[in-house]
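Here are the chains, one letter per residue:
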Amino acid sequence: MTTSPAPDHTPTHAGAISEEGYHKDLGRRHVQMIAIGGAIGTGLFLGAGSRLQVAGPSLAIIYAICGVFSFLILRALGELVMYRPTSGSFVTYAREFLGERAAYMAGWLSFLNWAMTGIVDITAVALYMHYWAVFLPVPQWVFALVALAIVGTMNMIGVRYFGEMEFWFSLIKVVALALFLVAGALILGTRMPVAGHTTGFHLITENGGIFPHGMFSALMLLQGVVFAYSGIELLGTAAGECEDAREILPRAINSVIWRIALFYVGSVILLVCLLPWTEYHAGTSPFVTFFQALGIPGIGTIMNIVVLTAALSSLNSGLYSTGRVLRALALGGSGPKALGKLNGSSVPYVGILTTLAVYLVGVMLNYFIPSRVFEIVLNFSALGIISTWGFILLCQLRLRAAINRGDIAPTGFNMPGAPYTTWATLGFLGFVLIMMAFDYPDGTITIGAIPLIGAILIGGWCLLDRGRRHG
């Protein structure tokens, strides 16, 4: 396959226009915080509660394993971004290295991912609001609709405003987790009791050990933990609207691994050493549970506001991503032409409105089945994430092969250990799919739905192909 060489490394300046028509208004601090925000979201703040209930302390090991593979995926994406920064991200790379059909599959499966993730996020917002007794009489779907209205408005303005909001959203999350880590470490170090429990590693051994429900139960959480890291690929999309992607992105990507180690693995270890893991429950953030146990007035409310911010941040990022992905599909002929339209602020408003329409389905789910909506859509979201990451890895394999043939200049930011680590990561994603099949009923139903999803995609491709022939 013959590909064009990587573009030169001429830096851009704020306000410049990319080849795709976007304003390059994202600066270094925006990208750094988008990287953090992508690695810290609803999956940690809310999802960790139910996962601790299922797997106990072994959740830290699952977070670590998935974190290593997530970092390798991010490095694979980083190599592609250094070759050619683009807001189309993996859709554009799939088109170049795998063909238009692959771009079509990658883009629409990514849309499935973010559509389901958005439903999870608006559900999380509704659950967080019910933390306050005054809001208990308000139906869950009402809060879901309000959250949708807020982030929909946010995403229809320019990218600089999106970057600014995401910067502050992410800063709040980081400060809150840092305070938890410092406070938790001090309490653990001084052996200060929490809610009548003496803190320490003995809380693990006295409550069933690292694998209280067995190793299989821990492995069953893989798809949920994969969801927790789902936002990392947002960096690739943001690169197309970044002032100087090739200078900023490598440092942002390399910093993700220690953030995962500190915020995910470190937080879980602290949580299970400060309180018995049996104290944490689904539907309540484990951080809120911990601060409530300290008995400090108002601290639970403050932490709940923080996790509300995390859910809104994830929802905001999802709308940003899908708008760009849908436009990339439209520009390549793999989506309706209308999705390629930009408004006066260079925002792909038709793509964003399309995603908002899908999120309304989530509002209806919150109306009809509020108790189960979170886990149902979580599994379908994991399916979209796995496919997106798979396409990124396949594109990286093709890019590296082209570099080795001399068709493309080296990027200077190679994925460590490739192609062996690339194949190992693809194998890991396949194993996650297998474990999903054993997660009855939601995971089993999700895997069983793959042929249906495939049929819908094939049908969509045939319709687009017919439209191209008659156009």
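Residues numbered from 1 in each chain as written. Predicted model: local features only at pLDDT ≥ 70, side-chain atom pairs only at ≥ 80, totals over all residues. Heavy atoms only, no water.

**Some words on the overall build of the protein**
Basically, it comes down to this: Secondary structure counts use DSSP, requiring at least four H or I residues in a row for a helix and at least two E residues in a row for a strand, with both numbered from the N terminus. Whether a residue is buried, partly exposed or exposed follows from its accessible area with a 1.4 Å probe, protein chains only, as a fraction of its type maximum: under 20%, in between, or over 50%, in that order. Whether two residues are in contact is decided by their heavy atoms, any of which lying within 4.5 Å being enough. In this description, accessible areas are obtained by the Shrake-Rupley approach with a 1.4 Å probe, and a residue is regarded as covered only by the protein chains that are shown.
Helices and strands together make up the secondary structure of the protein, namely 21 helices and two strands. Among the 471 residues that make up the protein, the fraction classed as buried is 58%. Residue pairs at least 24 apart in sequence account for 80% of intrachain contacts in the protein once pairs closer than 6 positions are excluded. With an accessible surface of roughly 17,800 Å², the protein has 69% of that area assigned to carbon and sulfur atoms.

**Digging into a nonpolar patch on the surface**
Convention followed: Patch construction takes residues with relative accessible area above 30% that form no salt bridge. Like charges are linked within 9 Å, and nonpolar side chains (Val, Leu, Ile, Met, Phe, Trp, Tyr) are linked within 5 Å. Think of a salt bridge as a Lys or Arg side-chain nitrogen and an Asp or Glu carboxyl oxygen that are within 4 Å of each other.
Where nonpolar side chains cluster on the molecular surface, the patch consists of Ile61, Ile65, Ile210, Phe211 and Met215 and spans about 420 Å² of accessible area. Its location among the elements puts Ile210 in the loop between helix 9 (202–205) and helix 10 (215–219).

**Examining unusual backbone geometry**
In this chain, Ala418 is followed by Pro419 through a cis amide linkage whose omega measures 5 degrees. Looking at where Pro419 falls in the secondary structure, it is placed in the loop between helix 18 (373–405) and helix 19 (420–438). Phi at Arg191 is positive, roughly 55 degrees, even though this residue is not glycine. Along the polypeptide, Arg191 turns up in the loop between helix 8 (159–190) and helix 9. What makes Arg191 partly exposed here is its relative accessible area of 45%. A positive phi angle, near 55 degrees, is found at Ala195, a position not held by glycine. Following the sequence through the fold, Ala195 ends up in the loop between helix 8 and helix 9.

**Structural notes on the side chain of Glu166**
The criterion, for reference: His residues and chain termini do not enter the charge count, which takes Lys and Arg as positive and Asp and Glu as negative. Under this definition, polar contacts are N or O atom pairs within 3.5 Å; protein pairs additionally need one hydrogen-donor-capable and one acceptor-capable atom, and for neighbouring residues in sequence, both atoms have to be side-chain atoms.
Relative to the helices and strands, Glu166 resides in helix 8. No salt bridge is formed by the buried Glu166; its nearest oppositely charged neighbour, Lys173, is found at 4.7 Å. A distance of 3.3 Å separates a polar atom in the side chain of Glu166 from a polar atom in the side chain of Ser317. Residue contacts for Glu166: discarding those within four places in its chain leaves Ile34, Ser313, Asn316 and Ser317.

**Overview of the pattern of salt bridges**
Should the charged atoms of two oppositely charged side chains come close, the side chains can pair. A complete count under the given rule lists four salt bridges for this structure. For Arg84, the salt bridge is made with Glu96, and the minimal N-O distance between the two is 2.7 Å. A residue pair is termed long-range when its members are at least 10 positions apart, and Arg84 in the loop between helix 4 (59–83) and helix 5 (89–98) and Glu96 in helix 5 qualify at 12 residues.

**A word on the packing of aromatic side chains**
Condition: Put simply, two rings from Phe, Tyr or Trp (the six-membered ring, in Trp's case) pair if the centres are within 6.5 Å, and we call them stacked under 30 degrees between planes, edge-to-face over 60, tilted for the rest.
Tallied over the entire structure, the rule returns 16 aromatic pairs. Between Phe135 and Phe143, the aromatic rings sit 5.6 Å apart at their centres with planes inclined by 80 degrees, giving edge-to-face as the arrangement. Overall, the relative accessible area of 29% leaves Phe135 in the partly exposed class. A centroid spacing of 6.3 Å and a plane angle of 75 degrees characterise the contact between Phe180 and Phe291, whose relative ring orientation is edge-to-face.

**A closer look at the environment of Ala102**
In this structure, Ala102 sits in helix 6 (residues 100–129). Classification of Ala102 as buried rests on a relative accessible area of 12%. Sequence-distant contacts of Ala102, defined by excluding residues within four places in its chain, comprise Ala94 and Phe391.

**Brief notes about the packing of helix 6 against helix 7 (residues 140–155)**
Inclusion rule: Lines fitted to C-alpha atoms define the axes here, with helix axes fitted over just the stretch in contact, and angles between the N-to-C directions of these axes take values from 0 to 180 degrees. Angle categories are assigned with fixed cut-offs, so that under 35 degrees is roughly parallel, over 145 is roughly antiparallel, 65 to 115 is roughly perpendicular, and the rest are oblique. Crossing handedness: left-handed means the near helix sits turned counterclockwise from the far one by under a right angle, and right-handed means the same turn made clockwise. By the convention adopted, Pro, Cys, Tyr, Trp, Phe, Met, Ile, Leu, Val and Ala count as nonpolar, Lys, Arg, Asp and Glu as charged, and the other residues, Gly among them, as polar.
Contact pair helix 6 / helix 7: the axes reach a minimum separation of 8 Å and the direction vectors enclose 125 degrees. On the basis of the axis angle, helix 6 is oblique to helix 7. Every pair of crossing elements has a handedness; the one defined by helix 6 and helix 7 is right-handed. Each of Ile122, Thr123, Val125, Ala126, Leu127 and Met129 in helix 6 lies in contact with helix 7, whose residues at this interface are Gln140, Phe143, Ala144, Ala147 and Leu148. For the contact of helix 6 with helix 7, the class distribution of residues is nine nonpolar, two polar and no charged.

**Some points on helix 3 (residues 47–55)**
Think of an α-helix as 3.6 residues a turn; residues three or four steps apart then line up on the same face. Across the nine residues that make up helix 3, a large majority, seven, are buried. Restricting attention to buried positions, one finds in helix 3 the residues Gly47, Ala48, Gly49, Ser50, Arg51, Leu52 and Ala55.

**Notes on the confidence of the model for the protein**
Rules: Confidence of the predictor at the level of single residues is captured by pLDDT, which takes values from 0 to 100.
In the predicted model, the protein carries a mean pLDDT of 83, and the fraction of residues at 70 or more is 89%. Across the protein, element-level confidence peaks in helix 19 with a mean pLDDT of 94 and bottoms out in strand 1 (residues 16–17) with 58. This model gives residues 1–14 a pLDDT under 50, and the stretch forms 34 contacts once residues within four places in sequence are excluded.

**Side note on the packing of helix 6 against helix 16 (residues 299–331)**
At a minimum axis separation of 9 Å, helix 6 and helix 16 run at an interaxial angle of 160 degrees. Taken together, the axis directions place helix 6 and helix 16 in an arrangement best described as roughly antiparallel. Here the hand of the crossing between helix 6 and helix 16 comes out left-handed.

**Section: the environment of Val307**
Relative to the helices and strands, Val307 is located in helix 16. The sequence separation of Val307 and Val288 amounts to 19 residues, and the corresponding C-alpha distance is 8.9 Å. Dropping the residues within four chain positions of it, Val307 is found in contact with Phe45, Tyr128 and Ser285.

**Points about helix 15 (residues 286–294)**
Turning to helix 15, its buried residues number three or more, namely Pro286, Phe287, Val288, Thr289, Phe290 and Phe291. After helix 15 finishes, the residue Gly295 shows a positive phi value of roughly 75 degrees.

**Considerations on the environment of Ala238**
Looking at the element boundaries, Ala238 is found in helix 12 (residues 234–238). Distance in space between the C-alpha atoms of Ala238 and Leu249 is 9.6 Å, their sequence separation being 11 residues. Ala238 has contacts with Leu26, Ile34 and Tyr320, leaving out every residue within four places of it along the chain.

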